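Notes for the structure review
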Amino acid sequence: MRTSNVAASTGYPAGAGPVFAPGAFDGRVALVTGAAGGMGLESARAFAACGARVVLADRDEAGVREAAANLPDAIALPLDVTDEPAVRRAIDSVVERAGHIDHVLHCAAVITARHSRGADAAHWRQVLDINLVGAFLVAQRALRHMEAAGSGTVVLVASDAGFRGGGGLIADSAYAASKAGVLSLVKSLAREFAPTGVRINALVPGPSDTPMHAAVPAELKQRIAANIPVGRMGRSADMAAAALYLSSAAAAFVQGAALDVDGGLMLR
Ligand SMILES: NC(=O)c1ccc[n+]([C@@H]2O[C@H](COP(=O)([O-])OP(=O)(O)OC[C@H]3O[C@@H](n4cnc5c(N)ncnc54)[C@H](O)[C@@H]3O)[C@@H](O)[C@H]2O)c1
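A few points on the structure. (Residues numbered from 1 in each chain as written. Predicted model: local features only at pLDDT ≥ 70, side-chain atom pairs only at ≥ 80, totals over all residues.)

Description of the pairing of strand 5 (residues 152-157)
Side-chain direction in a regular strand flips from residue to residue, so the side chains alternate between the two faces of the sheet. By the criterion of burial, strand 5 is predominantly enclosed, with 6 of the 6 residues buried. The two faces of strand 5 match: Gly 152, Val 154 and Leu 156 on one face and Thr 153, Val 155 and Val 157 on the other face are all buried. Sheet topology places strand 4 (residues 103-106) next to strand 5; 4 bridges connect them, and they run parallel. Paired with Leu 105 across the bridge in strand 5 is Val 155. In this fold, strand 4 hands off to helix 5 (residues 121-149), which returns the chain to strand 5; that crossover is right-handed. In this structure, strand 5 lies alongside strand 6 (residues 198-205), joined through 6 bridges in parallel fashion. Residue pairing across strands places Val 155 opposite Asn 201, the latter belonging to strand 6. (Buried ≥ 20, exposed ≤ 12 C-beta atoms within 10 Å, placed from the backbone. Helix = DSSP H or I, 4+ residues; strand = E, 2+ residues; numbered from the N terminus. Pairing = 2+ DSSP bridges. Right-handed = clockwise from strand over helix to strand, strands pointing away.)

Focus on the pairing of strand 4
Alternating residues of strand 4 divide into His 103 and Leu 105 and Val 104 and His 106, and every residue in both groups is buried. Bridging between strand 1 (residues 29-33) and strand 4 involves 4 bridges; their strand directions are parallel. What sits directly across from Thr 33, in strand 4, is His 106.

A look at the site of the ligand
If you check the shell around the ligand, you find 30 residues, and the closest are Gly 34, Gly 38, Ala 109, Thr 210 and Met 212. Listed by contribution, the elements that provide at least two residues to the shell around the ligand are helix 2 (38-49) and helix 5. With 3 residues, helix 2 is the largest single contributor of residues to the shell around the ligand. Of the residues belonging to the shell around the ligand, the class tally is 15 nonpolar, 11 polar and 4 charged. (Near = placed C-beta within 6 Å. Nonpolar A, V, L, I, M, F, W, Y, C, P; charged D, E, K, R; others polar.)

Brief notes about helix 4 (residues 84-98)
With 15 residues, helix 4 extends 21 Å between its outermost C-alpha atoms, agreeing within 8% with the 21 Å of an ideal straight helix rising 1.5 Å per residue. Against strand 1, strand 2 (53-58), strand 3 (75-78) and helix 5 lie the buried residues of helix 4. At the C-terminal side of helix 4, Gly 99 shows a positive phi close to 95 degrees. (Expected span 1.5 Å × (residues − 1). Contact = placed C-beta atoms within 7 Å.)

Set out below in structure tokens:
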């Protein structure tokens, strides 16, 4: 079976699997941005393990080509999500090649940790352009196709920083504002598009041990983990499981939600 090898590579705890049975997303086309690594790659693997044809988009061209080469029928889509004409062309090309687009999981983002004292407008514009405008552009073009089809799901990845603010150890004010914007964008899109049969939701990870934090020292990661009620940082597999849930028919009545996947961090 084409799904079994993929399932074996997803890193879920023994016996857990990617929460949905192989075949749960059969016949579906899932576009994942930020798919060259971290949560995006893990989620693309999980979608593929459940039968979806995945389209992996990222500005890291080599990374996304390598990732796609390891998944059955996958399409690699080198893409900078801030490039509006390129986003339009890329998403239209998915529909041309695969016939339809059923799910979008938008993970592409950058994190920055600059104190507000030293942050200038160029810094803010760059972070907002990638993390917020990019999310809008990807969602907007995909929704055009989904609305015409009368079905589909969009999951935009936000962050606990969008609720709690930045200015801490690993995220700054610009990053936090961009993710607060993503949370608000999800609410707006959900209200606008709910009548069309499309669902739009936010996945809200807490601090997670992914390539995004590759430069964070182990000692700091331990301090971050100690501040999380369950006592560890998130994993890409935690986010992939939640992303598949939000994309699945099991979440048919979940619209405009923000799903915290953070080990209880928001309890504090
Ligand atoms: N890791 C965490 O602690 C954490 C916590 C909360 C939220 N998040 C969010 O989760 C999502 C996934 O993060 P991750 O931890 O897997 O990080 P990651 O750095 O592994 O993945 C982000 C991906 O986005 C890509 N990307 C960046 N800018 C892009 C652009 N302009 N166009 C296309 N691709 C671009 C990168 O190349 C990278 O592959 C992000 O939205 C992030 O903000 C992460």
